[in-house]
Amino acid sequence: MDAFIQERGRLIEEALSRVLIPVEPRPLYEAMRYALLSPGKRLRPLLCLGGCEAVGGEIANAIPAACAIEMVHAMSLVHDDLPALDNDELRRGQPTCHRKFGEALAILAGDALLAHAFTVMVEASHNIEPKRLVWAIAELAEAAGPKGIAGGQVQDILSAGASAIGQETVDFIHKHKTGRLMAASAAIGGIVGGGNAEEVSRLKEFGLELGLAFQILDDVADVTCSQEELGKTPGKDAKAGKATYPALFGVEASKSLAREIIQRAVQSLEIFGSKAGTLHAIAGVIAKTAQVSGRLRI
Ligand code: GRG
């Protein structure tokens, strides 16, 4: 594991532990904390810090936004696991939020995480110019909504079990469901770090392509990994009749396509030179799982 990433991971973990100090109603905070603080890779907050560094920004200024992004991600996982969606029992190696707290509390914890993410982003971002903060908020909101995660998830549901779903639809789903939040993560880091429009746009291109490759590899892992390795139930995509890269092209071709996409993604980082070190390291870790069929570990 890259020491660079490890160090930034520690900063994120510490900050996350401070964003949800429990008050009343305690059970709501408990469910929110359970979803947020369970052991995830913190890939999106890392992308946010990496984007900030790439434009020469101070990473302390990107920490509140990085926490907000992880809150949105955690919320999407909680809702994804619900009986009405994936109906999963295991997430991050632990019982899913609704299994532990019941469905009503899990739905509300997800809702509260989504809303509170924006409070965290605004309250703690004292050093960010208001215009930049509004820009960053708009990016995060768009990545979560119909043009992002929610839109991708609906297309995913509509496509499950349907015949003749091709690569174009799968790319649409992956880019919306996964890519847009990764794009926003890197871009928001660039925005709060003081980057210009061109730099932010390159960070977005990078994150979107990386997100596509990441989702392809996540789908490969669903086919090739055990429950212990995944921390969630494997084989669910095939069971649900989902169109994925492994279903369309097979495991080996999917891994090599993911590698090509990552190569394309890092080309967007050229303008940042050595300042994009963290982003290169993250892309490198993801690319490595394209060589072995393992679970992505950061
Ligand atoms: C955000 C408004 C809003 C609604 C949510 C349920 C839903 C709508 C969307 C589901 C999105 C989803 C779960 C996409 C999969 C993305 C993905 C690859 C998740 C796994 O990411 P990792 O491996 O997870 O980074 P960890 O646990 O490491 O954080």
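Refer to the structure printed above.
Numbering of residues starts from 1 in every chain and runs along the sequence as written. For this predicted model, a pLDDT threshold of at least 70 governs which residues receive local features, and a threshold of 80 or more governs which side-chain atom pairs are given and counted, while totals over whole chains, interfaces and linings are taken from all residues. As a rule here, side-chain values come from all non-hydrogen atoms in the structure, and water together with hydrogens is ignored.

## Side note on the overall build of the protein
For the protein, the count of helices and strands is 15 helices and two strands. Against the compact-globule benchmark of 19 Å for 298 residues, the protein has a radius of gyration of 18 Å, which places it among compact chains. Each principal axis of the C-alpha atoms in the protein carries an extent, and together these give about 50 × 50 × 35 Å. Every one of the 298 residues in the protein was classed for burial, and the buried ones make up 54%. By definition in these notes, contact holds between two residues if any of their heavy atoms fall within 4.5 Å. Within the protein, counting contacts between residues at least 6 apart in sequence, those at least 24 apart form 73% of the total. In DSSP terms, a helix is any run of H or I states spanning at least four residues, a strand is any run of E spanning at least two, and both are numbered starting from the N terminus. As a reference, a globule follows 2.2 Å times the number of residues to the power 0.38, and the radius of gyration itself is taken over C-alpha atoms. Buried means the residue's accessible area, taken with a 1.4 Å probe over protein chains only, is under 20% of the maximum for its type, while exposed means over 50%, and partly exposed covers the values in between.

## Brief notes about the site of the ligand
Note on terminology: near, applied to a residue and a molecule or strand, indicates that one of the residue's heavy atoms is within 4 Å of it. Close to the ligand lie 19 residues, the nearest being Lys41, Arg44, His73, Arg92 and Gln215. Whenever a nitrogen or oxygen atom comes within 3.5 Å of another N or O atom, the pair is scored as a polar contact, on the condition that within protein one atom can donate a hydrogen and the other can accept it, and that pairs from neighbouring residues in sequence are kept only if both atoms are in side chains. Side-chain polar atom of lysine 41 to an oxygen atom of the ligand: 2.5 Å apart, as the coordinates give it. Contact between the ligand and arginine 44: an oxygen atom at 2.8 Å from a side-chain N or O atom of the residue. Per-residue and other accessible areas were derived by the Shrake-Rupley procedure at a 1.4 Å probe size, with only the shown protein chains allowed to occlude residues. Protein burial of the ligand: of its 750 Å² of free accessible surface, 90% is covered by the chains. Where the shell around the ligand is concerned, the elements lending two or more residues are α4 (63-80), α8 (149-159), α9 (167-192) and α10 (197-224). The leading source of residues in the shell around the ligand is α4, at six residues. Taken together, the residues that form the shell around the ligand break down as six nonpolar, seven polar and six charged. Any residue that is not Ala, Val, Leu, Ile, Met, Phe, Trp, Tyr, Cys, Pro, Asp, Glu, Lys or Arg is counted as polar, Gly included; the first ten are nonpolar and the last four charged.

## Some thoughts on unusual backbone geometry
Looking along the chain, the bond that leaves glutamate 24 and enters proline 25 is cis, with omega of -5°. Take proline 25: it is sitting in the loop between α1 (3-18) and α2 (26-37). Positive phi outside glycine occurs at arginine 92, with the angle close to 50°.

## Digging into the packing of aromatic side chains
Stacked, edge-to-face and tilted labels apply to pairs of Phe, Tyr and Trp rings (six-membered ring for Trp) whose centres lie within 6.5 Å, assigned for plane angles under 30 degrees, over 60, and everything in between, in that order. Counted under the stated rule, the structure contains two aromatic pairs. Ring geometry for tyrosine 34 against phenylalanine 101: centres 5.3 Å apart, planes inclined by 75°, an arrangement best described as edge-to-face. With a gap of 67 residues between them, tyrosine 34 in helix α2 and phenylalanine 101 in helix α5 (residues 97-101) connect regions that are remote in the sequence. Given a relative accessible area of 18%, phenylalanine 101 falls into the buried group. Taking 5.2 Å as the distance between ring centres and 65° as the angle between the ring planes, the aromatic pair formed by tyrosine 245 and phenylalanine 249 counts as edge-to-face. Residue tyrosine 245 and its partner phenylalanine 249 are both found in helix α13 (residues 245-249); the two are separated by four residues, about one turn of the helix. Owing to a relative accessible area of 1%, tyrosine 245 belongs among the buried residues under this scheme. For phenylalanine 249, a relative accessible area of 35% translates into the label partly exposed.

## Digging into the nonpolar core
Take the buried residues of types Ala, Val, Leu, Ile, Met, Phe, Trp, Tyr and Cys, join any two whose side-chain atoms come within 4.5 Å, and each joined set is a nonpolar core. With 87 residues, the main nonpolar core has Leu113, Ile188 and Ile282 as its most contacted residues. Examining the composition of this core, we find that 11 residues originate from one element, α4, more than from any other. Ignoring any residue separated from it by four or fewer positions in sequence, one finds leucine 113 in contact with Leu20, Met32, Ala35, Leu36, Met71, Ala74 and Met75.

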